[in-house]
Amino acid sequence: MFQSTELNRRNHSVQKLVSILFGVVTCLLIVPVLTIMTVLVYKGGPNISFEFLFSAPTNGMTAGGIFPALLGTILLVVVALIFSVPLGVATAVYLSEYASDTWLTRLINLAIINLAGVPSIVHALFGLGAFVIFAGFGTSILAASLTLGIMTLPVVIVATRESLQAVPPEFRMACWGMGATRWQTIRKVVLPNAMSGILTGVILEVSRTAGETAPIMFTGAAFFLPFLPQGILDQTMAMSLHLFVVSTQVPGVPETLPYSVALVLVSLVLIMNAASIILRAYVRGQKKW
Amino acid sequence: MVGAAIELLVQDLTIRYDNDIALRVDKLEIRKNEIFGIIGPAGSGKTSFLNAINRMDEFNDSMNVQGSINFGGLEVSRVKNVYALRKKIGVVFPLPVGLPLSIYENVALSPRLSGVKDKTKLDEIVERCLIRAALWEEVKDRLHQLGSLLSGGQQQRLTIARALSQEPKLLLLDEFSIAVDPVTTMRIEDVLKELKKEMTVVLVTNLVQQVRRLSERTAFFLNGELVEVGETEDFFTGVVEDQRTRDYVEGRFG
Amino acid sequence: MNSDKNILVSQDLDVKDSAWYWDKFFQILMFISGVSAIFLIVSIFFFITKEGFSFFFESFSFREFFLSSAWRPTSLSNPTHGILALAIGTASVTGFAMLLAVPFSLCAAIFISEFASGRVREILKVLIELLAAIPSVVWGFIGLSIMNPLIIDLFDVPVGLGILNSGIILGLMAAPIMTTIAEDALKAVPDHYREAAEALGATKWQVTFKVVLPAAKNGLVAAILLGVGRGFGETMAVLMTSGHSINLPTSPFDSVRALTATIAAELGETAVGSEHYKALFTLGILLFLVTFAINLIADIVVKGNKRH
């Protein structure tokens, strides 16, 4: 009864063509990067060993391992999280559970968008002016971590707010109706059910923080240190800056060394990201109501 | 019945959302230990009335309550600890809400928030409330499963058990049977008949026959107005003053 | 009898217990945390201004700053602070990156949102998300060690670091973010728009171009704006791939220097409080204001979309 008309058939083939075309373009976006990753693995992979990960650079950073940088990155991330996770979660709780739609809320949202949007080098200038000089922390892990923490604060805020808003409002109404205070409701019902979403955000923040370079260049990360940091007021080496240094600043570095550093850094970041994606998928699959 | 103690006295109440009036009540008395029915079509202001009683308006910026609601001799708008007020008032919403906690924790939550820590005491409260809500037999072997995954009818009884755990003086039910099967509805109705010995029950419903089965006195709300209050039986024997009440009860609109 | 009981109740309800006070405490704490975001952004502006402000009174000349291409802050005899070449460097790299990234990421967003289905869509979204996670210093390294020899070989030029290299790297960096935001904008178009158009017999691509794209217009513009902001503010990758020499470029193979990269490269060598140091902070103020403006406009554009 329905015959495909000439027009219909033409439309159909155009649609197919458009679909294929767009698919190809999407792949063009991804393929180069996969190629690049392959090159990183191919050139940097063979050099990576237990010793490479757990020994210090030698011979003016042209040989040896990356341990001080690896440890430094971990320290920077941990200190940044200690500061930014509580603040970020609290900010998200305020926005999701307390704030109503006022000019102040809009201003806070604008501030968060800008915290995320301001160039990393501007965060670096801020860290230098505020923490290194004004607060007197000097170039230190503390100053660098605070700078990183502020810069990645929006990641935690956005992830937490999303997971808080995914908790159905009826649960809050039910709790309030029982005479629970807002805080009791948040602590007993809202936060526990948003926890995995918050964790996703935190892992994402770890991955962001670990990869940043510019904000720590002038606030706490050193090109090279002959010893490991003893406390949070010491300087430290870091993976991201180490990659910059061995690939641009040091003459006579063997060709594969920067590839290995890059591979370790990328793996660190991507594993964290993948973990956060898997956790998110797992949480979505879990039925709690 | 005459001279019975008054639990809730409402005078000159006006509820607004922004500038729209949702409900106006000149005077309404609800007596101690009665089941008081409120009927009326959707949008007549029934739910707003319940929200005003336990001051849920504080969670809705656009909602504004004026006038006097006197609960147990106390003006609710002047209560200093609104959370203590809400503990005295149990609420059951139209759609059952099992919190995403275990069945046990659903019922133990309110006592815990009030500071009860003793395990045997909590066990006792949970068991008593679940029994009174006619849910104990079905769940006693799986108290640690999620309450939010029970069937709708079970969740609604869980909600009632939770309300009972507050040891309320006043129980507000907002169209509790809307998402519940008829058998569960009958069971809950039996529960309510028992409960009124201990507390006052306000039953908002759009099922006219439900108030006939349960309540002594009934109010009819229409378009934000209290049309009529009286003995429930009068609504069904035609001894009501307003033609609109008669039409509604007989199912001519609504 | 009854009144006694009632009095008991009323006293009970007027007692502010510990739960009441804890609630107030946390309400205040959460409020302070919420407002801290505003405090932080204001302090960023305050501190970079504090460090750079006096530059305006000492060595700042509007003419020189914006119209001269001579950035010679370390010259002993005659230091100059013209940012024209740096601004053009930033603009050319960002512009080139957008030339690549805008069409690619819009197409990718359309494909993911409108054409791909189920598993393919999920895999693509995950891949795009992972792309966005690669740190900028790694992108810089890729430009330096993989793109650079590639460009030298392909185009037979002496140096492969310049607008082309930087633009491609920046484009690859900005594309995943733009794709994600654009896809969100497309997804926000209600399904009944599509269904209504399909019911009239329109094909999928007609629906996409005639109905979905116009409806998502503002979100797409915001995606592009945020991509521009990202490119404009990118530091490490540009520093490592642009060649970093002050230049008014005439071809895509020319080496340029960007505003952000200048700060990153020179700040370490300046003395705190020196004229050069202040000049770099002044660049920071400029970067802050421009990205603030871009984000603000993007936000307003998106809000306009929602109201619609």
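Just above, that's the structure.
Being a predicted model, the structure only gives us computed values, none of them experimental.

What am I meant to see in the interface of chain C and chain B here?
It is common to report an interface's size as the accessible area lost on association of the parts. With 13 residues of chain C at the contact, the number on the chain B side is 14 residues. Our count for the chain C to chain B interface comes out at zero salt bridges. Scanning the region where chain C abuts chain B turns up three residue pairs in polar contact (both at pLDDT 80 or more). Of all the secondary structure elements, the ones that give two or more residues to the side of chain C that touches chain B are α1 (2–14) and α2 (18–52) of chain C. No other element matches the eight residues that α1(C) contributes to the side of chain C that touches chain B.

Would you take a moment to explain the nonpolar core for this structure?
Taken as a class, soluble globular proteins show a tendency for nonpolar side chains to be buried jointly. A:Ile121, B:Phe49, B:Leu99, C:Trp139, C:Leu267 and C:Leu283 are the most contacted members of the largest nonpolar core, which totals 224 residues. The element that contributes the greatest number of residues to this core is helix α3 (residues 67–98) of chain A, accounting for 16 residues. Those residues within four positions of A:Ile121 in sequence are excluded, and the remaining contacts are A:Ala214, A:Phe218, C:Thr235, C:Thr260, C:Ile263, C:Ala264 and C:Leu287. The next biggest cluster of nonpolar side chains, apart from the first, holds 34 residues, and it includes B:Ile125, B:Leu130, B:Leu192 and B:Leu203.

Before we go on, may I ask you to explain the side chain of C:Asn295 in this structure?
Following the sequence through the fold, C:Asn295 ends up in helix α14 (residues 275–307). The exposure class of C:Asn295 is buried, given its relative accessible area of 6%. Filtering out sequence-adjacent residues up to four positions away, C:Asn295 remains in contact with A:Ile113, A:Asn114, A:Gly117, A:Val118 and C:Leu226.

Please clarify how a nonpolar patch on the surface should be interpreted in this entry.
A contiguous nonpolar patch, built from A:Ile20, A:Val24 and A:Leu28 and spanning about 270 Å² of accessible area, is present on the exposed surface. Secondary-structure assignment places A:Leu28 in helix α1 (residues 6–44).

Where do I start with the packing of aromatic side chains in this structure?
In this description, a pair of aromatic rings is defined by centroid distance and the angle of the planes. Tallied over the full model, the rule gives 25 aromatic pairs over all chains. Ring-pair connections join several aromatic residues into one group, and the members of that group are A:Phe126, A:Phe131, A:Phe134, A:Phe137, C:Phe46 and C:Phe47. A cation sits over an aromatic face here: C:Lys24 above C:Trp20, 5.3 Å from the ring centre.

Would you explain the pattern of salt bridges in this entry?
Any two side chains of opposite charge can pair if their charged atoms end up close together. Under the definition given, this model contains 34 salt bridges over all chains. For A:Glu212, the salt bridge is made with A:Arg208, and the minimal N-O distance between the two is 3.6 Å. Given a relative accessible area of 13%, A:Glu212 falls into the buried group. The partner of C:Arg257 in a salt bridge is C:Glu266, and the shortest N-O contact between them spans 2.6 Å. The class of C:Arg257 is buried, set by a relative accessible area of 12%. For C:Glu266, a relative accessible area of 10% puts it in the buried group. Each of B:Glu124, B:Arg128 and B:Glu167 takes part in one network of salt bridges that share partners.

Cut-offs used in this document
Residues numbered from 1 in each chain as written. Chains lettered and ligands numbered in written order. Predicted model: local features only at pLDDT ≥ 70, side-chain atom pairs only at ≥ 80, totals over all residues. Heavy atoms only, no water. Contact = heavy atoms within 4.5 Å. Salt bridge = Lys/Arg side-chain N within 4 Å of Asp/Glu carboxyl O. Polar contact = N/O pair within 3.5 Å; in protein donor to acceptor, adjacent residues only side chain to side chain. Helix = DSSP H or I, 4+ residues; strand = E, 2+ residues; numbered from the N terminus. Core = buried A, V, L, I, M, F, W, Y, C linked by side-chain atoms within 4.5 Å. Buried < 20%, exposed > 50% of the residue type's maximum accessible area, 1.4 Å probe, protein only. Patch = residues over 30% accessible without salt bridge, like charges linked within 9 Å, V, L, I, M, F, W, Y side chains within 5 Å. Areas by Shrake-Rupley, 256 points an atom, 1.4 Å probe, with all protein chains shown as cover. Phe/Tyr/Trp six-rings, centres within 6.5 Å; stacked < 30°, edge-to-face > 60°. Lys NZ or Arg CZ within 6 Å of the ring centre and 35° of its normal.

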